Amino acid sequence: VTARFREDQLARLDRTIDEHLAIRLRWPDGIKPIKTDSKDIKKFEGKSSFIDFEAWIISTAVHLKQEGLGGDECDEHRRIRLTDFLAGEASSWVMRHCFSENREVTVWTFKDVVHGLYDRFMTETGMLDLKEKLAKVKYDPALGVQHLYDTIIDITCNMVNATSDI
């Protein structure tokens with residue numbers, strides 16, 4: 001399950017990246033590009049769940065798209081710009097493994113860096129963590145059925161395989 005889980009999670013991240021960054025956003029004549037502040041995006045520090053990691057990737061990809069950094073020709077720019085969205089251990093890992101003169105892999109794409117961050121910081125037991133989290137979900141009358149439903153959906157949408165442990 002672990003290898004399949006990893007492959008499916010990486011494919012999911014790749015689809016997100018492709019959706020937002022496969023094509024370079026070109027603004028129509030007379031329209032000024034949106035000015036966005038990257039400080040609004042919480043930096044990835046290397047300590048989070050897959051749900052948070054995926055949310056960070058989505059926010060980062062949308063921001064890079066708005067900056068006009070979509071398309072294959074901008075991959076190097078995206079890879080470099082990604083460093084502005086990292087902090088702590090994640091930033092140190094990327095600098096050491098993707099930019100250092102002493103790096104083992106000499107050529108990294110934007111997706112390679114995301115995959116590397118996933119491999120380094122997302123737990124290998126992610127599916128088990130989600131199953132444990134799901135098992136702890138309880139109905140709270142004060143929050144209602146909709147809250148229970150939303151919580152279950154939030155957890156299970158991050159599972160690659162349907163669980164029979166409900």
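Scroll up to find the structure.
Quick summary incoming for the structure in this document. Because the structure is predicted, anything quoted here is derived from the model rather than measured.

**Structural notes on the side chain of Asp75**
- Topologically, Asp75 is positioned in helix H3 (residues 75-82).
- Residue Asp75 is classed as buried on the basis of its relative accessible area of 17%.
- Not counting chain neighbours up to four residues away, the residues in contact with Asp75 comprise Thr109 and Phe110.

**Section: the environment of His63**
- Checked against the element boundaries, His63 lands in helix H2 (residues 50-66).
- On a C-alpha basis, the gap between His63 and Ile41 in space is 8.7 Å, while along the polypeptide they are 22 residues apart.
- Contacts of His63, omitting those with residues within four sequence positions, involve Thr36, Asp37, Ser38, Ile41, Arg81 and Phe85.
- There is a polar contact of 3.5 Å between the side chain of His63 and the side chain of Arg81.

**Regarding the packing of aromatic side chains**
- Per the counting criterion, the structure on display carries 6 aromatic pairs.
- Each ring, one from Phe44 and one from Phe121, has its centre 5.9 Å from the other, and the planes form 80 degrees; the classification is edge-to-face. Placement of Phe44 in the loop between helix H1 (2-21) and H2 and of Phe121 in helix H5 (residues 110-121) is noted, with a sequence separation of 77 residues between them. Of the two residues, Phe44 and Phe121, neither departs from the other in class, the shared state being buried.

**A look at the environment of Ala135**
- Following the sequence through the fold, Ala135 ends up in helix H6 (residues 126-135).
- The sequence separation of Ala135 and Ile152 amounts to 17 residues, and the corresponding C-alpha distance is 9.8 Å.

**Quick word on the pattern of salt bridges**
- Applying the stated criterion across every chain, the model contains 10 salt bridges.
- The partner of Glu54 in a salt bridge is Arg12, with the nearest N and O atoms 2.7 Å apart. Of this pair, Glu54 sits in helix H2 while Arg12 sits in helix H1, and the two are 42 residues apart along the sequence. In this structure, Glu54 and Arg12 share a single accessibility class: buried.

**Some words on the nonpolar core**
- In this structure, Leu13, Phe44, Phe53, Trp56, Leu117 and Tyr118 are the most contacted members of the largest nonpolar core, which totals 34 residues.
- Contributing elements (two or more residues each) for this core: H1, H2, helix H4 (88-99), H5 and H6.
- With sequence-adjacent residues up to four places away left out, Leu117 is seen in contact with Phe44, Phe53, Trp56, Leu86, Ala90, Trp93, Val94 and Met122.

**Thoughts on H5**
- With 12 residues, H5 should cover 16 Å at 1.5 Å per step; its first-to-last C-alpha distance of 17 Å lies within 8% of that length.
- Residues of H5 that are buried include every one of Phe110, Val113, Val114, His115, Gly116, Leu117, Tyr118 and Phe121, and no others.

**A word on the side chain of Thr60**
- Within the secondary structure, Thr60 sits in helix H2.
- Within polar-contact distance, the side chain of Thr60 engages the backbone oxygen of Trp56 at 2.8 Å.
- Leave out the neighbours within four places in its chain, and Thr60 touches Ile41, Leu82 and Phe85.

**A few points about the packing of H4 against H5**
- Between H4 and H5, the least distance of the axes is 11 Å, while the angle of their chain directions is 125 degrees. As the angle between them shows, H4 and H5 are arranged oblique. Here H4 and H5 pass one another in a crossing that is right-handed. Contacts from Glu89, Ala90, Trp93, Val94 and Cys98 of H4 reach H5 at Val113, Gly116, Leu117, Arg120 and Phe121.
- Residue composition of the contact of H4 with H5, by class: 7 nonpolar, 1 polar and 2 charged.

The rules behind the values
Residues numbered from 1 in each chain as written. Predicted model: local features only at pLDDT ≥ 70, side-chain atom pairs only at ≥ 80, totals over all residues. Heavy atoms only, no water. Helix = DSSP H or I, 4+ residues; strand = E, 2+ residues; numbered from the N terminus. Buried < 20%, exposed > 50% of the residue type's maximum accessible area, 1.4 Å probe, protein only. Contact = heavy atoms within 4.5 Å. Polar contact = N/O pair within 3.5 Å; in protein donor to acceptor, adjacent residues only side chain to side chain. Phe/Tyr/Trp six-rings, centres within 6.5 Å; stacked < 30°, edge-to-face > 60°. Salt bridge = Lys/Arg side-chain N within 4 Å of Asp/Glu carboxyl O. Core = buried A, V, L, I, M, F, W, Y, C linked by side-chain atoms within 4.5 Å. Expected span 1.5 Å × (residues − 1). Axes fitted to C-alpha atoms, helices over the stretch in contact; angles between N-to-C directions. Parallel < 35°, antiparallel > 145°, perpendicular 65-115°, else oblique. Left-handed = near helix turned anticlockwise from the far one by under 90°. Nonpolar A, V, L, I, M, F, W, Y, C, P; charged D, E, K, R; others polar.

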